[in-house]
Amino acid sequence: MKSELELRGVQQRFHARGVAGGYVTAVDDVSFALAASPPQVVSLVGQSGSGKSTIARNVLGLQKPTAGTVLYGGKDIFSLSRAEYDEYRRDVQPVFQDPYAIFNPFYRVDRALWKAVKKFGLSSTRAAGLELIEESLRAVRLEPENVLGRYPHQLSGGQRQRIMLARVHMLRPSFIIADEPVSMLDAQVRKHFLDILLDFQREHGMTTLFITHDLSTVYYLGGEVMVITKGQIVERGPVSSVMHEPSHPYTKLLLDSIPQPDPDNRWTSRIQVDELDQIDDNTPADTTKPEVPIL
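A.B. asks: Quick question: what am I supposed to make of the sheet that holds strand β4 (residues 67-72) here?
C.D. replies: Sheets are built from strands that pair by backbone hydrogen bonding, the pairs being arranged parallel or antiparallel. In spatial order, the strands read β2-β1-β4-β5; together these four strands make up an open sheet with antiparallel pairing. Only two strands of the sheet have a single partner each, and these edge strands are β2 (23-35) and β5 (75-76). The pairing of strand β1 (residues 4-15) with β2 spans nine bridges and is antiparallel. Bridge pairing in β2 links E6 to A33. The strands that helix α1 (residues 52-59) touches are β1, β2 and β4; relative to β1, the one it contacts most, it runs at about 120°. Helix α2 (residues 82-91) rests against β1, β4 and β5 of the sheet, and its axis sits at about 80° to β4.

The following block contains the structure:
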């Protein structure tokens, strides 16, 4: 397993009609590094359309960037050999947003777990494979007898999402790419999910890139945060520092948009979505390209 996952000057453009130049820039010169050791949680936060999920697709190898490179152990992931790419797929695991779309409704949920066992040779016998599956289900707070043998529609969204975490637990990757994984979960299940990610970091040494628009989940997870808007990372640093002493206007706007849990402390001004476009495009983004991983 490799020690670092890095983006260098990644840019992603898409063809679009009716816009100047005939394309839109979803990701604009993004650079950052994730270290596997020590394990860490790094959150990428921004509003819808800021380029977060496009970065996830670049990192997972689902979308080749227009420019720049995604490096795994110092190698461009889009130039890896078949054997190296198989290692990459095992070592960098996704957790997607929609727990309703990640399973084939025609198969029982067991299939998603058994495919991982067989693809990556996690056990030599069926009995050992079943034991591994049951162990991983319990690690994400699911009782095997309550989920195995069932179809996706027979489980809740939280159960389906935790089954995908169980798959991650089986593979023990160095990196988890979690793209809005709790946005469709209720508050209680959301907390369980976040606690499991923190358990994976502490107990199994997994680094997580947590992609979200929700600053409250970022604050709960702690670690480091990168703020993205219009495809550019405009601020980065420890969560406590960025939350309490934001330096970029966009970060301040995000924080001002959080409602206070006090009925007597009401907003006295109205925050317009148009304000996002009023932020000076010439405001310098955080273009720091760290030579070492974010720690």
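A.B. asks: Mind showing me how you'd approach the sheet that holds strand β6 (residues 92-95) here?
C.D. replies: In spatial order, the strands read β6-β7-β8-β3-β9-β10; together these six strands make up an open sheet with mixed pairing. Two strands in the sheet have a free side with no partner beyond their single neighbour: β6 and β10 (232-238). For this sheet, the mean inter-axis angle between neighbouring strands, taken without regard to orientation, is 15°. Alignment of strand β9 (residues 224-229) against β10, held across six bridges, turns out to be antiparallel. Each residue of the ladder has a partner; that of I228, found in β10, is I233. Against the sheet, α1 touches β3 (41-45), β6, β7 (175-179), β8 (207-212) and β9, its axis set at about 150° to β7. On top of the sheet, α2 reaches β6 and β7; it is set at about 45° to β6, its chief contact.

Cut-off values and rules
- Residues numbered from 1 in each chain as written.
- Predicted model: local features only at pLDDT ≥ 70, side-chain atom pairs only at ≥ 80, totals over all residues.
- Heavy atoms only, no water.
- Pairing = 2+ DSSP bridges.
- Helix = DSSP H or I, 4+ residues; strand = E, 2+ residues; numbered from the N terminus.
- Contact = heavy atoms within 4.5 Å.
- Axes fitted to C-alpha atoms, helices over the stretch in contact; angles between N-to-C directions.

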